[in-house]
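Here is how the chains run, residue by residue.
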Amino acid sequence: NAGVTQTPKFQVLKTGQSMTLQCAQDMNHEYMSWYRQDPGMGLRLIHYSVGAGITDQGEVPNGYNVSRSTTEDFPLRLLSAAPSQTSVYFCASSPGGAYEKLFFGSGTQLSVL
Amino acid sequence: GESVGLHLPTLSVQEGDNSIINCAYSNSASDYFIWYKQESGKGPQFIIDIRSNMDKRQGQRVTVLLNKTVKHLSLQIAATQPGDSAVYFCAENTGGFKTIFGAGTRLFVKA
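Residues numbered from 1 in each chain as written. Chains lettered and ligands numbered in written order. Predicted model: local features only at pLDDT ≥ 70, side-chain atom pairs only at ≥ 80, totals over all residues. Heavy atoms only, no water.

Undergrad: Is there a simple way to explain the overall build of chain B in this structure?
TA: Scanning chain B for helices and strands turns up 0 helices and 10 strands. Its helices and strands in sequence order give chain B the pattern β-β-β-β-β-β-β-β-β-β, from N to C terminus. If you line up chain B on its principal axes, its C-alpha atoms span 40 × 30 × 25 Å. Classification of the 111 residues of chain B by burial places 42% in the buried group. Of the contacts made within chain B by residues no fewer than 6 positions apart, 53% connect residues no fewer than 24 positions apart. Summed over all atoms, the accessible surface of chain B reaches about 5600 Å², with 48% contributed by carbon and sulfur. A distance of 2 Å separates the average location of the 11 positive side-chain charges in chain B from that of its 9 negative side-chain charges. (Helix = DSSP H or I, 4+ residues; strand = E, 2+ residues; numbered from the N terminus. Buried < 20%, exposed > 50% of the residue type's maximum accessible area, 1.4 Å probe, protein only. Contact = heavy atoms within 4.5 Å. Areas by Shrake-Rupley, 256 points an atom, 1.4 Å probe, with all protein chains shown as cover. Lys, Arg positive; Asp, Glu negative; His and termini not counted. Charge placed at Lys NZ, Arg CZ, Asp CG, Glu CD.)

Undergrad: How should I be thinking about the sheet that holds strand β6 (residues 62-67) of chain B in this particular structure?
TA: In any sheet, the strands associate via hydrogen bonds between backbone groups, in a parallel or an antiparallel arrangement. Residue and element names in this part refer to chain B. Across the sheet, which stays open at both edges, the 4 strands sit in the order β2-β7-β6-β5 with antiparallel pairing between neighbours. Each end of this open sheet is capped by a strand with a single partner; those strands are β2 (19-24) and β5 (56-58). Direction aside, neighbouring strands of the sheet carry axes that sit 15° apart on average. Two strands pair when backbone bridges link them, and β6 and strand β7 (residues 72-77) are joined in this way by 6 bridges, in the antiparallel orientation. In the sheet register, asparagine 67 faces β7, and the bridge partner there is histidine 72. (Pairing = 2+ DSSP bridges. Axes fitted to C-alpha atoms, helices over the stretch in contact; angles between N-to-C directions.)

Undergrad: Explain the interface of chain A and chain B here, please?
TA: Often, the extent of an interface is quoted as the loss of accessible area on bringing the components together. Contacts between the two partners involve 24 residues from chain A, matched on the other side by 23 residues from chain B. Of the roughly 1900 Å² buried at the junction of chain A and chain B (both faces included), carbon and sulfur atoms supply 60%. On inspection of chain A and its partner chain B, the count reaches 0 salt bridges. At the surface where chain A touches chain B, the tally comes to 5 residue pairs in polar contact (both at pLDDT 80 or more). Contributions of two or more residues to the side of chain A that touches chain B are made by β4 (31-37) and β5 (43-51) of chain A. (Buried area = accessible area lost by both parts, 1.4 Å probe. Salt bridge = Lys/Arg side-chain N within 4 Å of Asp/Glu carboxyl O. Polar contact = N/O pair within 3.5 Å; in protein donor to acceptor, adjacent residues only side chain to side chain.)

Undergrad: Explanation requested: the side chain of Asp38(A) in the structure shown.
TA: All names here are of chain A. For aspartate 38, the location among the structural elements is in the loop between β4 and β5. Overall, aspartate 38 belongs to the buried group, its relative accessible area being 10%. A polar side-chain atom of aspartate 38 sits 2.9 Å from a polar atom in the side chain of arginine 36. Among the polar contacts made by the side chain of aspartate 38, one reaches the side chain of serine 87 at a distance of 2.9 Å. If we skip the residues at most four places from it in the chain, aspartate 38 touches Arg44, Thr86 and Ser87.

See the structure below:
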């Protein structure tokens, strides 16, 4: 079982470039989410989805777009990268109930120059 | 304990001792609490959870205590091992769909 798979593992962008961070899960989980983790800090919720076709904003949604066309995939798009978006990004999923633990991917380290 | 900032609080313990990691949560409406462990270069991994209708829950070598009166959560690790060295996060779940994380505590185990 692969669990939650994130690609790429590392990425360097120039300011203003766009890119998509990929996230896929093979556990048939309804709930998926994206977090960013900055040095010495906890994880902050960017966007989440409770099922295909449904997304909502988290704590820090500005500068990021998401969509959920399938249960398996939840890509995160940066339309115009900024240095403030330099961070480690984690995708997580859960079966979807109110009291469910999150399963995390191994992260994408993004640097914006 | 946990605090917001650039430098993680660090707890250093001797191998074999018990560890206690503390967390203050912010939302009195939170009804589900989770502890995660994050090793270097990896994503967080679930350790143990507790619902607000309980004040204690035990797992294998770990115990979580919840004090709703003062909005405090703690993680106790018995007989701490070098493999327990990691960053530990508490997280609170509000409304079912948003899991909010604390800043984390770094546990360092001395052999």
